[in-house]
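Now for the letters of each chain:
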Amino acid sequence: MKNGINLLPQKTKKDLNQEKLTFGLDLIATIAIIVVELFTFSFILYSNGLHTKLIDAKSEYHKNISNLHKFSGVENLINNINQRYSYINIINKAFPSPISTINLLNKLVPSNVSISNIDYSSTGQLDFTCDTPSVLVAAQFMYNFSNYNPNNKHFTNTQIQSLSINNGVRFTVSTQYNNG
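Heads up: these notes are all about the structure in this document.

What counts as what
- Residues numbered from 1 in each chain as written.
- Predicted model: local features only at pLDDT ≥ 70, side-chain atom pairs only at ≥ 80, totals over all residues.
- Heavy atoms only, no water.
- Salt bridge = Lys/Arg side-chain N within 4 Å of Asp/Glu carboxyl O.
- Helix = DSSP H or I, 4+ residues; strand = E, 2+ residues; numbered from the N terminus.
- Buried < 20%, exposed > 50% of the residue type's maximum accessible area, 1.4 Å probe, protein only.
- Patch = residues over 30% accessible without salt bridge, like charges linked within 9 Å, V, L, I, M, F, W, Y side chains within 5 Å.
- Areas by Shrake-Rupley, 256 points an atom, 1.4 Å probe, with all protein chains shown as cover.
- Core = buried A, V, L, I, M, F, W, Y, C linked by side-chain atoms within 4.5 Å.
- Contact = heavy atoms within 4.5 Å.
- Polar contact = N/O pair within 3.5 Å; in protein donor to acceptor, adjacent residues only side chain to side chain.
- Arc of directions from axis to C-beta.
- Pairing = 2+ DSSP bridges.
- Axes fitted to C-alpha atoms, helices over the stretch in contact; angles between N-to-C directions.

Some words on the pattern of salt bridges
Then, in step 1: Under the criterion given, the structure shown has one salt bridge.
Then, in step 2: Measuring nitrogen to oxygen at the nearest pair gives 2.7 Å for the salt bridge that ties arginine 170 to aspartate 131. Placement of arginine 170 in strand 4 (residues 169–177) and of aspartate 131 in strand 2 (residues 125–132) is noted, with a sequence separation of 39 residues between them.
Then, in step 3: Exposure remark for arginine 170: the relative accessible area of 43% places this residue in the partly exposed category.

Here it is, written out as structure tokens:
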């Protein structure tokens, strides 16, 4: 059977090596094409993702700009209110409130001194009459209103205008309220 007819084509070793080489190159080319396609597909997906992020970032930017414009309007309103409040404080310092002035006056007056005939001007000038049971209480009153008393931060230039001593002491006081 050695001399039988070989129906299979005879390939030389060279042909087999060439076919192996061709198959290997085809395999490498196919893998390279698949890798390139994967990179291309990944790049397209990445580009689309970046484009979506860019659109979202632009949308967020425009939303923030819109909010900043709204906030700047609110900020201007707050600044306007603060400015008006500072004007009111300046006016309150320039024109002291009679009620707060009388309240401060009552805090400095000793409890056994009665005040009457209060005359208050818009400049802070205050004139009133005091009745005390003794000269000692009148002296305590004058100390409370003196410039060197550290508890007296609001009244200056306190002067006794008239004084009469009978069963008690009656005197008229003139002082200047400084709105501390």
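Section: a nonpolar patch on the surface
Then, in step 1: Nonpolar side chains collect at one region of the surface, where Phe23, Leu27, Ile31, Val35 and Phe39 lie side by side and expose about 520 Å² of accessible area between them.
Then, in step 2: Topologically, phenylalanine 39 is positioned in helix 1 (residues 13–94).
Then, in step 3: The class of phenylalanine 39 is exposed, set by a relative accessible area of 59%.

Points about the nonpolar core
Then, in step 1: If you look at the biggest cluster of nonpolar residues, it comprises 17 residues, and the most contacted ones within it are Leu105, Phe128, Cys130, Phe141, Phe145, Phe155 and Phe171.
Then, in step 2: Residue assignment for this core shows that the elements contributing at least two residues are helix 2 (98–108), strand 2, helix 3 (135–144) and strand 4.
Then, in step 3: Broken down by element, this core gets its largest block of residues, four residues, from strand 4.
Then, in step 4: Not counting residues up to four positions away in its chain, the partners in contact with phenylalanine 145 are Leu105, Leu108, Val109, Asn152, Phe155 and Thr158.

Quick look at the side chain of threonine 132
Then, in step 1: One can find threonine 132 in strand 2.
Then, in step 2: Of the polar contacts made by the side chain of threonine 132, one reaches the backbone oxygen of serine 134; its length is 3.1 Å.
Then, in step 3: Ignoring any residue separated from it by four or fewer positions in sequence, one finds threonine 132 in contact with Asn112, Val113, Val137, Ala138, Gly168, Val169 and Phe171.

Some remarks on helix 3
Then, in step 1: Buried within helix 3 are the following residues: Val137, Ala138, Phe141 and Asn144. Projected onto a plane normal to the axis of helix 3, the buried residues spread over an arc of 115° and lie on a single side.
Then, in step 2: In this structure, the buried side of helix 3 is in contact with helix 2, strand 2 and strand 4.

Quick look at the sheet that holds strand 1 (residues 114–120)
Then, in step 1: Strand order in this open sheet of four strands is 1-2-4-3, and the pairing throughout is antiparallel. The outermost strands of the open sheet, each flanked by one partner alone, are strand 1 and strand 3 (155–165). Pairwise comparison of adjacent strand axes, ignoring direction, gives a mean angle of 20° for this sheet.
Then, in step 2: For strand 1 and strand 2, the ladder comprises five bridges, and the chain directions are antiparallel. Each bridged residue has a counterpart across the sheet, and for isoleucine 115 the counterpart in strand 2 is cysteine 130.

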